[in-house]
Amino acid sequence: MFDSIVRLAESVRSGERSAEGVATETLARVDAREPSVKAFLHVDRAGFLEAAKAVDAKRARGETLGLLAGVPIAIKDALCMTGVPTTAASRILEGYKPVYDATVVAKLRAADATLVGKTNLDEFAMGSSNENSAYAKVHNPWDLDRAPGGSSGGSAAAVASRMCPGSLGSDTGGSIRQPASFCGIVGVKPTYGRVSRYGLIAFASSLDQVGPFATDVRGAARMLQVLAGHDPHDATTLDAAVDDYEAACEKPVKGLRVGIPREYFGEGLDPEVDVAVRRAISCLEQFGCTVKPVSLPHTKYAVATYYVLATAEASSNLARFDGVRYGLRKEPDRDLRNMYGATRDAGFGPEVKRRILLGTFVLSSGFYDAYYLKAQKVRTLITRDFEKAFEEVDVLCAPTAPTTAFKIGEKTHDPLAMYLSDIDTLPASLAGVPAMSIPVGLSASGLPIGLQIITPHLQESRAFAIAAACESHAALQVGAPTKFA
Ligand code: GLN
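Presented here is an overview of the structure given in this document. Keep in mind that what you see is a predicted model, and the values were worked out from it rather than measured.

What counts and how
Residues numbered from 1 in each chain as written. Predicted model: local features only at pLDDT ≥ 70, side-chain atom pairs only at ≥ 80, totals over all residues. Heavy atoms only, no water. Core = buried A, V, L, I, M, F, W, Y, C linked by side-chain atoms within 4.5 Å. Buried < 20%, exposed > 50% of the residue type's maximum accessible area, 1.4 Å probe, protein only. Helix = DSSP H or I, 4+ residues; strand = E, 2+ residues; numbered from the N terminus. Contact = heavy atoms within 4.5 Å. Near = heavy atom within 4 Å. Polar contact = N/O pair within 3.5 Å; in protein donor to acceptor, adjacent residues only side chain to side chain. Areas by Shrake-Rupley, 256 points an atom, 1.4 Å probe, with all protein chains shown as cover. 1 Å grid on protein atoms, 1.4 Å probe; cavity = no way out; pocket = protein on both sides within 12 Å on 5 of 7 lines; lining within 4 Å. Sits in = over half its atoms within 2 Å of the grid points. Axes fitted to C-alpha atoms, helices over the stretch in contact; angles between N-to-C directions. Parallel < 35°, antiparallel > 145°, perpendicular 65-115°, else oblique. Left-handed = near helix turned anticlockwise from the far one by under 90°.

Remarks on the nonpolar core
So, step 1. Ranked by size, the top nonpolar core spans 140 residues in total, and within it Leu108, Phe124, Phe386, Ile438, Ile453 and Phe464 carry the most contacts.
So, step 2. Considering every element that reaches this core, the biggest residue donor is helix α10 (residues 302-317), with nine residues.
So, step 3. Among all residues touching Phe124, those that are not within four sequence positions of it are Ala88, Ser90, Ile92, Leu93, Ile201, Phe203, Leu318, Phe321, Phe348 and Val352.
So, step 4. Counting residues in hydrophobic clusters, the runner-up holds eleven residues, among them Ile185, Phe213, Leu447 and Val478.

Concerning the site of the ligand
So, step 1. Around the ligand sit 15 residues, and of these Thr172, Gly173, Ser175, Tyr306 and Arg355 come closest.
So, step 2. One of the backbone nitrogen or oxygen atoms of Gly127 is found 2.9 Å away from an oxygen atom of the ligand.
So, step 3. Contact between the ligand and Ser151: a nitrogen atom at 3.5 Å from a side-chain N or O atom of the residue.
So, step 4. Burial of the ligand by the protein chains amounts to 100% of its free accessible area of 290 Å².
So, step 5. When atom positions are compared with the pocket grids, the ligand is found to occupy the largest cavity.

Quick notes on the packing of α10 against helix α13 (residues 369-392)
So, step 1. The contact between α10 and α13 brings their axes to 9 Å, and the two run at 125°. Judged on the interaxial angle alone, α13 and α10 are oblique. Along this stretch, α10 crosses α13, giving a crossing that reads as left-handed. Touching Ala302, Thr305, Val308, Leu309 and Ala312 of α10 are Tyr371, Tyr372, Ala375, Gln376, Val378, Arg379 and Ile382, all from α13.

Points about unusual backbone geometry
So, step 1. The residue after Gly150, namely Ser151, is reached through a cis peptide bond having omega 10°.
So, step 2. Locating Ser151 in the fold gives a position in the loop between β3 (114-119) and α5 (153-160).
So, step 3. We note that Arg162 has phi near 60°; this positive angle belongs to a residue other than glycine.
So, step 4. Within the secondary structure, Arg162 is located in the loop between α5 and β4 (166-171).
So, step 5. Of note, the phi angle at Glu331 is positive, near 50°, even though the residue is not glycine.
So, step 6. Its place among the elements puts Glu331 in the loop between α10 and α11 (336-347).

Structure representation (structure tokens):
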């Protein structure tokens, strides 16, 4: 039987269910659903079953089990897992098997979670639809002709199709929230620095954050509880205490001031998304929140700012893939420069090349001030917008994406249209504030709509309280796609 993260963990902890039994059921679901969804790049059957047996053995020895005991979790393939193929959906890392676990992977294991395998993504997390994967396309469980969103589309689709109740994603400019919105599940981008990136294959280091996907709010809260905290291996992690996120889900929201940023409700917003998001906000009013319009005036510069900064950082981060240290090597018998060139030409896909070129250009002498430096300044203005808004309100509520899931192939020939689909998620990434997406409705054609909840730095708890309140409201329930219920 499929269960939420919290119920599953509690049933394994109490001995009502065995972790091995849960794992076997999970693999049966993966076998049945994966051919149509294609969420995984690698299912680690042996490692998964072995981990489940180890959890049962631990319980048999009388030891206390962790918060995620026997909970099957899928891992975005941008995160290192010892001995398991890790490619970031790129040809250049084909055959690469890390010799260490990412800190988040190690933390999940320490909490007795069982790891199902590696999920598909846009190559190096660059994309909004998963179509930039070098290996396969992921299908949205709500409509298999549609994209699951990106870049963490595989992680979102695995959870939405109920293959497993939780997964890990990474969010640089929306890659957890937008696929969560498209797939009708919960996705959390924590505060920049809240969760370790040690072992995450870097895309844009001033923006990258790891976070959970789950079928429900409490499941995401429990996962973040396990993931959050300082890591000596990642100097950007914050040394702040980790709140009790699950307890936060029980907190009343009465009296919280909810800001509605008007810039998120403008041109390009699908009317059905508009209606669903406003309905969710009016439900919050019924719970005693006060609602007030606010302005984040620099929002319109977020897409341009992000695509300068993220590409600049990517061009530098991706310099390490040169055929010497990891994965693919082409023309090894030629001189070094030609070997680098041939390897990178064969190993990177077109979107990754485009970003390396763009990023190198905006950093080059003569253009640095006009693009990179300018973008850094605008980033500060965007951050100040949030600081000012949070002087007046406790939380911001907005759409996660301007539309529901688009068709596979619909935007692949127009990179700009694809970039514009990130318009609602980029500002919070640039400001480093936490933001989550929760499902709040379905369109007339049965596609999920996400509400984005943004809070000040380190105020994830406040967002969980709002999210749990919405989830409890009968008018906002979404559930699972019928064929994967
Ligand atoms: N869609 C955005 C991009 O293509 C964000 C991706 C991400 O958050 N990793 O860069």
